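Fold and contact review
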Amino acid sequence: MTTTLKSVDAVVIGLGWTGSILSMELASSGLSVVALERGAYRDTSPDWTYPRAADELKYGIRGELFQRLSKDTVTIRHAIDGTAVPYRQLNAFLLPNNVGGAGVHWNGQHYRPSPEDLKFYSHNVERYGAKFLPEDMTIQDYDVTYDELEPYLDQFERLCGTSGQAGNIGGKIIAGGNPFEGPRSRGYPTPPLPDTEGALRFAAAAKQLGYSPFPQPAANCSQPWTNPYGVRLGPCNLCGYCERYGCYLYSKASPQTTILPALLQKSNFEMRTHSTVTKINMSADGKRATGVTYVDAAGREVIQPADLVILSSFQINNVRLLLLSGIGKPYDPRTGTGVIGKNFAYQMMSESALFFDKDAAINPFIGAGAGGQQIIDEFNADHFDHAPHGFVGGGYILGGTTGGRPLQQLNVPPGTPAWGAKWKKAAKETYLHSTRVQTHASVMSYRDAYVDLDPTYRNALGQPLARITFDWHENEYRMTRFVTDRALEIVAKMNPKSHTVTMRRPGDRFNTRQYQTTHITGGAITGANPQTSAVNRYCQSWDVSNLFVFGASAFPQNLGYNPTGLIGGLTYMGAHAIREQYLKSPGPLVSA
Amino acid sequence: MKATFRRPAARLGGVAFLVAMGLALQPAGRGHAQTPAQADSALIEHGAYVAVLGDCMACHTVPGSTSYSGGLPLATPVGTIYSTNITPDRQTGIGTYSYEDFEQAVRHGIRKDGKTLYPAMPYPDFRHIDDADMHALYAFFMSGVKPVHHQDNAPAISWPLSMRWPLAWWRWMFVPGTNVPSAEVEHDALADRGAYLVEGAGHCGTCHTPRGFALEQKAFSPQDGSAYLAGSRIDHYTVSNLRGGDIVGLGSWNEDDIVRFLQSGRNQHSAVFGGMADVVYQSTQHMSEADLRAIAHFLKTLPPPADNRKFSYDPAVKQALFRGDVTERGALDYLNNCAACHRSSGMGYEDTFPALAGNPVVNDPDPASLLHIVLTGATIPGTHVAPTHYTMPSFGDRLSDQEVADILTFIRSGWGNHASSIDAEQVGKFRKLIAPTNEKKTL
Amino acid sequence: MPDKKILKNRRLFLQQALAAVPGITLLGMTGHQSLFASTAWAAPGQQTPYRPTFFTATEWMFINAAADRLIPSNEDGPGAVELGVPEFIDRQMESGYGHGEFWYMSGPFVTDVDFTLGYQLQFTPREFYRAAIADIDQACVNMHGHVFAGLDAATQDSVLEKLQAGALTLAHIAKPAEFFIQLLANTKEGYFSDPMYGGNRHMGSWKMIGFPGARADFADWMLQPGRVYPLGPVSIQGEKA
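Residues numbered from 1 in each chain as written. Chains lettered and ligands numbered in written order. Predicted model: local features only at pLDDT ≥ 70, side-chain atom pairs only at ≥ 80, totals over all residues.

What follows covers the overall build of chain A. Along its length, chain A carries 14 helices and 22 strands. For 592 residues, the compact-globule formula gives about 25 Å, and the C-alpha radius of gyration of chain A, at 23 Å, lands near that figure. With respect to the principal axes defined by its C-alpha atoms, chain A has extents near 70 × 55 × 50 Å. Counting all 592 residues of chain A, 66% fall into the buried class. Look at the contacts in chain A between residues 6 or more apart in sequence, and 75% of them connect residues 24 or more apart. (Helix = DSSP H or I, 4+ residues; strand = E, 2+ residues; numbered from the N terminus. Rg over C-alpha atoms; globule rule 2.2 N^0.38 Å. Buried ≥ 20, exposed ≤ 12 C-beta atoms within 10 Å, placed from the backbone. Contact = placed C-beta atoms within 7 Å.)

Moving on: the overall build of chain B. Looking only at helices and strands, chain B has 19 helices and seven strands in total. Out of the 443 residues belonging to chain B, those deemed buried represent 50%. For chain B, contacts bridging at least 24 residues in sequence account for 64% of all contacts bridging at least 6.

Before going further, it helps to examine the interface of chain C and chain A. With 51 residues of chain C at the interface, the matching set in chain A holds 57 residues. Taken together, the elements giving at least two residues each to the side of chain C that touches chain A come down to α3 (57–70), α7 (176–192) and α8 (204–209) of chain C. Looking at the side of chain C that touches chain A element by element, the count peaks at four residues for α7 of chain C. Within the side of chain C that touches chain A, the residues separate by chemical class into 31 nonpolar, 11 polar and nine charged. (Nonpolar A, V, L, I, M, F, W, Y, C, P; charged D, E, K, R; others polar.)

Moving on: the interface of chain B and chain A. Quite often, the size of an interface is put as the accessible area lost when its parts meet. Between chain B and chain A, the residue contacts involve 29 residues of the former and 29 residues of the latter. Residue classes in the side of chain B that touches chain A are distributed as 14 nonpolar, nine polar and six charged.

Take the UniProt feature "domain: Glucose-methanol-choline oxidoreductase N-terminal" (unreviewed entry) in chain A next. The feature "domain: Glucose-methanol-choline oxidoreductase N-terminal" (unreviewed entry), as annotated in UniProt, sits at residues 235–347 of chain A in this numbering. Helix makes up 17% of residues 235–347 of chain A and strand 26%, whereas the separation of the span's terminal C-alpha atoms amounts to 30 Å. (UniProt positions renumbered as here; feature names shortened; annotations may be inferred.)

Attention now goes to the pairing of strand β20 (residues 464–469) of chain A. Residues and elements named next belong to chain A. Of all six residues that make up β20, five are buried, and the element is covered over most of its length. With four bridges connecting them, strand β4 (residues 74–77) and β20 associate as parallel partners. Counted as the bridge partner of Thr75 is Arg467 from β20. Where strand β19 (residues 450–458) and β20 come together, five bridges link them in antiparallel fashion. Residue pairing for β20: Leu453 is matched across the bridge by Ala466. Linking β19 back to β20 in an antiparallel pair, the connection comprises five residues, with Gly462 at a positive phi of about 85°. (Pairing = 2+ DSSP bridges.)

Residues and elements named next belong to chain A. Read across the sheet, four strands follow the order β5-β4-β20-β19 without closing on themselves; strand pairing throughout is mixed. Either end of the sheet is taken by a strand with one partner, and the two such strands are β5 (85–86) and β19. On top of the sheet, helix α10 (residues 315–325) reaches β4, β19 and β20; it is set at about 75° to β19, its chief contact. (Axes fitted to C-alpha atoms, helices over the stretch in contact; angles between N-to-C directions.)

Turning our eyes to something else, we now look at the pairing of strand β13 (residues 289–295) of chain A. Within a regular beta strand, the side chains point alternately toward one face of the sheet and then the other, so they alternate between its two faces. All names here are of chain A. Sheet topology note: the strand β12 (residues 276–282)/β13 ladder contains six bridges and is antiparallel. Bridging from a neighbouring strand, Asn281 pairs with Gly291 of β13. Counting the residues between successive antiparallel strands, the hairpin from β12 to β13 contains six residues, one of them, Gly286, with a positive phi of roughly 70°. As defined by bridge partners, β13 adjoins strand β14 (residues 301–311) across five bridges and the pair is classed as antiparallel. Bridge assignment links Tyr294 to a residue of β14, and that residue is Val302. Hairpin connection between β13 and β14: a loop of five residues separates the two successive antiparallel strands, and Gly299 in this loop has a positive phi of roughly 85°.

Moving on: the UniProt feature "domain: Glucose-methanol-choline oxidoreductase C-terminal" (unreviewed entry) in chain A. The residues that UniProt annotates with the feature "domain: Glucose-methanol-choline oxidoreductase C-terminal" (unreviewed entry) are residues 448–567 of chain A. From the first C-alpha to the last, residues 448–567 of chain A spans 24 Å; its make-up is 21% helix and 17% strand.

With that settled, the discussion passes to the sheet that holds strand β18 (residues 434–441) of chain A. Within the open sheet, the six strands sit side by side as β8-β16-β17-β18-β15-β21 (chain A). Their pairing is antiparallel. Across the chains shown, the open sheet's two edge strands, defined by having one partner strand only, are β8 (214–215) and β21 (498–499) of chain A.

Take unusual backbone geometry next. Between Ser45 of chain A and Pro46 of chain A the backbone carries a cis peptide bond, its omega angle lying at 15°. Relative to the assigned elements, Pro46 of chain A resides in helix α2 (residues 44–47). With omega at -5°, the peptide bond leading from Tyr50 of chain A into Pro51 of chain A counts as cis. Positive phi values are uncommon outside glycine, yet Asp235 of chain B reaches one of about 50°. Relative to the assigned elements, Asp235 of chain B resides in the loop between β4 (232–234) and β5 (237–239). By the C-beta count within 10 Å, which is 12 here, Asp235 of chain B ends up exposed. Backbone geometry at Asn200 of chain C places phi at a positive 45°, although glycine is not the residue there. Along the chain, Asn200 of chain C falls in the loop between α7 and α8.

For the rest of this paragraph, the subject is the packing of helix α17 (residues 368–376) of chain B against helix α19 (residues 424–434) of chain B. All names here are of chain B. Packing of α17 against α19 brings their axes to within 10 Å, and their N-to-C directions diverge by 70°. As the angle between them shows, α17 and α19 are arranged roughly perpendicular. Here Leu371, His372, Leu375 and Thr376 of α17 lie close against α19, whose contacting residues are Val427, Phe430, Arg431 and Ile434. (Parallel < 35°, antiparallel > 145°, perpendicular 65-115°, else oblique.)

Soluble, globular proteins show a tendency: their nonpolar side chains are buried together. Core analysis: the largest hydrophobic core is formed by 305 residues, its most contacted members being Val12, Val309, Ile310, Ile397 and Val549 of chain A. For Val12 of chain A, the residues in contact, after removing those within four places along its chain, are Gly19, Leu22, Ser23, Val33, Ala35, Leu36, Ile310 and Ser312 of chain A. In this structure, Ile63, Val81, Cys140 and Leu163 of chain C belong to the second largest nonpolar core, which totals 44 residues. (Core = buried A, V, L, I, M, F, W, Y, C linked by C-beta atoms within 7 Å.)

All right, on to helix α6 (residues 131–144) of chain B then. Residues and elements named next belong to chain B. Here α6 contains 14 residues, and its C-alpha end-to-end distance of 18 Å stays within 8% of the 20 Å for a straight helix at 1.5 Å per residue. Burial analysis of α6 places 10 of its 14 residues in the buried class, which makes it a mostly covered element. Regarding α6, the residues found buried are Asp133, Ala136, Leu137, Tyr138, Ala139, Phe140, Phe141, Met142, Ser143 and Gly144. Against α2 (41–54) and α4 (99–108) lie the buried residues of α6. (Expected span 1.5 Å × (residues − 1).)

Moving on to the packing of α2 of chain B against α6 of chain B. Axis angle and axis distance: for two packed helices, these are the angle between their axes and the distance between the axes, and together they describe the pair. Residue and element names in this part refer to chain B. Running from N to C, α2 and α6 point in directions that differ by 100°, and their axes come no closer than 7 Å. Taken together, the axes of α2 and α6 lie roughly perpendicular to each other. Note on element contacts: α6 touches α2 through Asp133, Ala136, Leu137, Tyr138, Ala139, Phe140, Ser143 and Gly144, opposite Leu43, Ile44, His46, Gly47, Ala48, Val50 and Ala51. Of the residues that constitute the contact of α2 with α6, the class distribution is 10 nonpolar, four polar and one charged.

Okay, the environment of Ala370 of chain A next. Residue and element names in this part refer to chain A. Within the element layout of this structure, Ala370 appears in the loop between β15 (348–355) and β16 (374–376). Separated by 130 residues in the primary sequence, Ala370 and Thr500 have C-alpha atoms spaced 22 Å apart. Apart from residues no more than four positions distant in its own chain, Ala370 is found in contact with Asn107, Gly108, Gln109, His110, Gln216, Pro217, Ala218, Ala219 and Asn220.

Set out below in structure tokens:
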């Protein structure tokens, strides 16, 4: 039996970063807001207190904070004629769950996009000509410029108390920051965290090569910070348990440390946990969302009517719910038509572990998910002339470690076996004297990389799993070769005794066993044209104007930076448009 | 519904708070005859504020149940008593009380039936509430609170202490005259307002003033001597001394610090814990800025003791820990358990993690609060101006008695702190005191 | 060549282990000498041997023998067995993880897909150990005349290498190398994770490499990059070194 509840002004699907921002902004506008979260309520206490948070097995390996794949997962295949098989164990990317979502267990690497990232198609065509792009590459422009987005990127940084060194304020280049960043209206809320030994060695080498290293911008506060909602964060102490973990010190920005304490005080906001939305319900004419259907903790089906529906779950779940609800035209890779599921993308990493002499006290266990590392941005986005290299995109190169947790972050020199006495000896002798250099790079979108519903596999509620079709393309192999070579030049300058190289080479397939990033993107992309995008510049559905879809699902392709800063900016821009325009005059905010 | 997570108490704010407490915005008084029908909404709202000042909610509401319906068990040295239903329900509440009945109960501890209330009801302090506030309070409880049918529980006190007539004797003996005006301090209107609030509705002395052999409050105002607000012990917490001493007292806090503390539960020196956390959450954060300033101003008129000593920060411990020198007993345990938040400097972080250096709670001769917090943890309540509810986890199951003793001795002597050392036996006894089943860890 | 003290501890442990596991048989073993040489199950100082709840006596012999080869005890530091890794794995088998709560375990199971598409077998961790150990022991008996635990160290290593390379044919396991991945992962988990899970006794592995464990606070040390960190580790439950 299905229960139908009293209608509310807005229903929010998923209470992670974007759901929390929208809940706060809409509740502050006086709307009655119900947030439906399929996972549990989680908070610093009791869920990740000191020192219980420092548990690598529980959080890092078993993935206490992640989606239980036994309940729900995705299927993956490499090509459109292949058979997809389930992603049975979490490895390549981590699917979030629970209140706070991935905002709880992210690194806090908090970037803005480069201005050209938002106009990536037209920028590259303008500079290199249309023929420079491979035929099957389907990259597109955002329908928003960097300058339009800047106030909202700034707003998200203020929310997080992000630490960093500005490199460009109002067009003026500032020494010590990122000279390639777009103009900022002001600096970071808090100064950068101190550099770790690994980062210092990297930065020194990078400088010798003529680069401009700068501290990685980190949503790990360097000082206590009270954000505009009145919520206060504590300062990071580089504890080494950051990504995959909740922050026991209230330092890493998460919905719990930046929004929920204020949001939960609001009497017009209600959070319902263990409530899994199975469908966005539509009016008979298919033009309006009437609310959602969800399954509660007891397994009962409940209908929550609402005037406004905010879809704010993780990227892949956003796409799947749109497909399950029949909203928008599903993407067809054979014809290239349709939009839902289109332009799935990922990122490409490479890595080198460096091993120094025993007198080098690198202490890799001192680290934060973002703070304490140094970056160079010379080879990201279109910060360099791609013409001689035959690819578009790029990535940043970073030096330092996020921690030295021995199960996941202990490196051994090249040639060391994976087990036995030699492995143990290597682990013992090199642990304290090793660091890492990594590249973190873009992946373009392609005609054959997309998301649809799996015909075979189902989740615990009996719904089809999302099916990801994805593999690497030539552009990315070239890109990673080029950027990794630049990284290895820095590695050589750092002069380690030995170093490893891990990278994707031509012919290597997308490997679901190797963690790279959790940054899967696309499937409900933003753009200027309803024929080629699912949502407009405000992340409003072209098809259903009282539905907004927030998150990395909106990215038309994946950029070299970590996505959260851009997600936050797009979300605040959408929230602002809802408050200032939509609520006054509900309907499409952009005419198709 | 299990699927629904709500924090009812955590969502109240401003007017919403008053409404949630039962302030009827629609015409008041359907069905309860005693209502002063003309009680205007301004008077009721004023009364609601007086109820906030007096934190009536704290005792007269079981968390999660209807406001003011009573039933909260209150452990007293003589046995458990239960707070009463003070909603305007005619059968089980105070619906038949006239203003005079109400005034007799609140100010003088005498029920409508003539019996004396247990002095858990702070009527000795409420004597100070003036007529205007008292009328408003009456209007609020009669017209602003929803009547709830809820029978009072009988107190669980065994004979002969269960007899009520000695309470009247106690009242005659220990509660000085009636309607005593609150202190006047050098014709300082702000301090007078503060005194009115602290001595009267706020009934701060109920907890913060020590009690005598018959559990009588030793002082009711500054004029009664240095016992007034000199600290006490309740529920196995040390209740802070609010007088002017620097090491133990509010000497090192300025008025802004006090206002900030009462408004937010935290300030650059310290953070609220124990019973005071509820007081901040339910009462003081809702007080007007002007009233908080008055309270702060009044408290700062209380003098330090004659032998007052100023706190002077000593960097030796900080420097040793920074070098990684943990040779001092307790130093390694401090680093392993405390330093992540309170820092090796002992300074914590302003408004975030309380400082231990120079903190009166740390320096109090009575270590009860320290022991209590280390063993069971503490949470700063999220307030309107500071919504973050920082929590210190409990360390009771991680630390042995000896380790707790070593840590407390270390922090009570480090950074310029100057308090007695603690031994393992004290810790063990305290563990049993707060929870007889709280066994020390076996590792 | 193990030193005499370690050897003595191994003998002691073996006696205790045998006493603790009723009905254990030494079927397929070549004799005490190879047994002692190939199985370092001793946890020095441990008074009561751990009694496995999930693993059978023969499986327990396998786990101990395999863990000892994957991370042997020697002069560089403690081995997996002396740090309690077998106990860790046994306890994990009783957890939600062991029962497959963390993995998607619905069929159909398609095993002839590219390795890069991940684990596709039908076994939960518990089921995997149960099926694979029996098959490996059988394969060892077929090839070498003895179960894995009864082989000498060099032969054990060669069996593990074959398993790792996917070159060991197992009767009921479509992708034998998957079991090696699981076994090595669980062994390292027991070696490096917090002692409260049964392995990494007295933080032996953390002391060996210099990891401070659950201290998780470097506010002072982030200001002193390049300085030798002087403090030993601490565990979640507060054990200090």
